[in-house]
Amino acid sequence: MALFRRRRSADSESAVAIDDFWSGWTDVRAALAASVDEGTSVPDDVAQRLDERVRRIHPGLRWEVSRAPESEPTGLTASLDSFDSPEALLAGLDEPASARASYALVLRAGSDDEARVLAERWYRAAPEDAEWAFFPAAPADHARLTRTLAWDDHELDLAHTSVSLRVDHSSGRIEVGVYHPDFMFLPEEAQRGVAEHVVLLAVGEDDLVRWVSSVHPLVDKPLDPLPPTSVPSVVRQLSGTGGGGGWVTLQGRIPLRGALQLSARYPLHRRDYPALTLYAQVVVSYAETDDDRLPAGASASALEAYALGLREMLGSNGALFAQQTVGGQRILHFYLDPESGVLPEFEKAARGWSEGKVHVTSALDPEWRTIDQILKPIRKQLGR
């Protein structure tokens, strides 16, 4: 039986605030679209209404409206292995909503992970709207890197921007220097703002938080200048998607219990799955083992099919983060979206294992403390 079972929290303050936001969407959408079309500020009364509704969801969120980004990289760098079914992969490769929409409404959480969770819930609750694309974090938009940017009464042609990159392999993050020839005419605060904006357009808000440790403006052109659009390729290398990564496996031995195998998604960032805040552990015994009590033969195949079935059943409502195998047992570590109501179905499916005992427990873990502990030996092994 689960240690913690949470029903869908429709009465929670954030859920009510999200419902209220979308209930009032039709009251503001026309005014927002007009401001984008006319290139003017959102009317004060409309902006005030949006400010209040967004603050009710979370005080760390802020909103932006603009033209929908063109079909550029979104800034999301989940590996192919992060898709939990072929259907999810195909859906991820489908035409992006922004390619069909005219306008974009973005909630931005910055580096606040709690606010990012609620932005994701806001996004998942969004209505169908053919004219609008909704984003729970600012997406990358490479087309805007070739246009003129108005910033504090200054206009800069971003086509003249270049960057320098330094990868800190000990932390697995990037230091970015941003150069524009007009920086020499701008105050330092404006230089910093423009530099951060350029990196945001290059990789998107989530990857900026995941992978970029610092952004600093340059008044001298780098010796080896790169276009800002080169930053995503470095991010892909760091994330492992450039080399087919996504999972790391460690092996060892535990006295009296035998061999231990630990496999986990790595690197894993809180931004990879912002809605998944419910930890669920599944422990199963298996019948056929080798001399080290690791699964063998039919049991090994059955365990792989069992885990795949659970992942496909969860879809976007959950993901397998890690699995440990030791002493004739496999422990599967999942995280689920508690607002989806998927937990009872997941527990029922998990108990469908036929080779031995099954034990399922769950508990809210919005800060991912459990998976952080599990990943410690992997980080130590990799020097992170």
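Residues numbered from 1 in each chain as written. Predicted model: local features only at pLDDT ≥ 70, side-chain atom pairs only at ≥ 80, totals over all residues. Heavy atoms only, no water.

The name given to the chain in an unreviewed UniProt entry is DUF695 domain-containing protein, with Thermobifida halotolerans as the source organism.

Caption draft 1: The arrangement of helix H10 (residues 343-350) in detail. Of the positions making up H10, those classed as buried are Leu 343, Phe 346, Glu 347 and Ala 350. Summarising the axial view, the buried residues of H10 lie within an arc of 100 degrees, below the 170-degree limit, and thus occupy one face. Considering only its buried residues, H10 is in contact with strand E11 (278-285), helix H9 (297-314), strand E13 (329-336) and strand E14 (358-364). (Buried < 20%, exposed > 50% of the residue type's maximum accessible area, 1.4 Å probe, protein only. Helix = DSSP H or I, 4+ residues; strand = E, 2+ residues; numbered from the N terminus. Arc of directions from axis to C-beta. Contact = heavy atoms within 4.5 Å.)

Caption draft 2: Examining the sheet that holds strand E1 (residues 62-67) more closely. Spatially, three strands are ordered E1-E2-E3 in an open sheet, and the strand pairing comes out mixed. On the outer flanks of this sheet lie E1 and strand E3 (132-135), each paired with one strand and no other. Taking each pair of neighbouring strands and ignoring which way they run, the sheet shows an average axis angle of 20 degrees. Examined bridge by bridge, strand E2 (residues 103-108) and E3 share four bridges and lie parallel to one another. Residue pairing across strands places Leu 105 opposite Phe 134, the latter belonging to E3. Against the sheet, helix H2 (residues 25-38) contacts E1, E2 and E3, and its axis sits at roughly 55 degrees relative to E1. (Pairing = 2+ DSSP bridges. Axes fitted to C-alpha atoms, helices over the stretch in contact; angles between N-to-C directions.)

Caption draft 3: Quick peek at the sheet that holds strand E6 (residues 162-168). Here we have three strands laid out as an open sheet, ordered E6-E7-E8, and mixed in their pairing. Of all strands in the sheet, those with a lone pairing partner are E6 and strand E8 (212-218), marking the two edges. Going from strand to strand, the sheet's axes swing by 20 degrees on average, the running direction of each strand aside. Looking at chain direction, E6 and strand E7 (residues 173-179) are connected through seven bridges and run antiparallel. Residue Arg 166 lies in a different strand from E7, and its bridge partner there is Glu 175. Where helix H6 (residues 188-203) meets the sheet, it contacts E7 and E8, and its direction lies at approximately 130 degrees from that of E8. This element, helix H8 (residues 231-239), spans E6 and E7 of the sheet and lies at about 15 degrees to E6.

Caption draft 4: Structural view of the pattern of salt bridges. Considering all chains together, one arrives at 23 salt bridges under this definition. Here Glu 64 and Arg 62 are joined by a salt bridge, their closest N and O atoms 3.5 Å apart. Residues joined in a network through salt bridges with shared partners are Asp 113, Arg 116, Glu 120, Arg 121, Arg 124, Asp 206, Arg 271 and Asp 337. (Salt bridge = Lys/Arg side-chain N within 4 Å of Asp/Glu carboxyl O.)

Caption draft 5: How the structure looks around the nonpolar core. In this structure, Phe 21, Trp 25, Leu 32, Trp 63 and Trp 122 are the most contacted members of the largest nonpolar core, which totals 27 residues. Looking at this core, the elements with two or more residues in it are helix H1 (13-23), H2, helix H3 (44-57), E2, helix H5 (113-124) and E3. Contact partners of Trp 122, with chain neighbours within four places excluded, come to Ile 18, Phe 21, Trp 22, Ile 57, Leu 105, Leu 107, Phe 134, Phe 135 and Pro 136. In this structure, Leu 158, Val 178, Leu 186 and Ala 195 belong to the second largest nonpolar core, which totals 25 residues. (Core = buried A, V, L, I, M, F, W, Y, C linked by side-chain atoms within 4.5 Å.)

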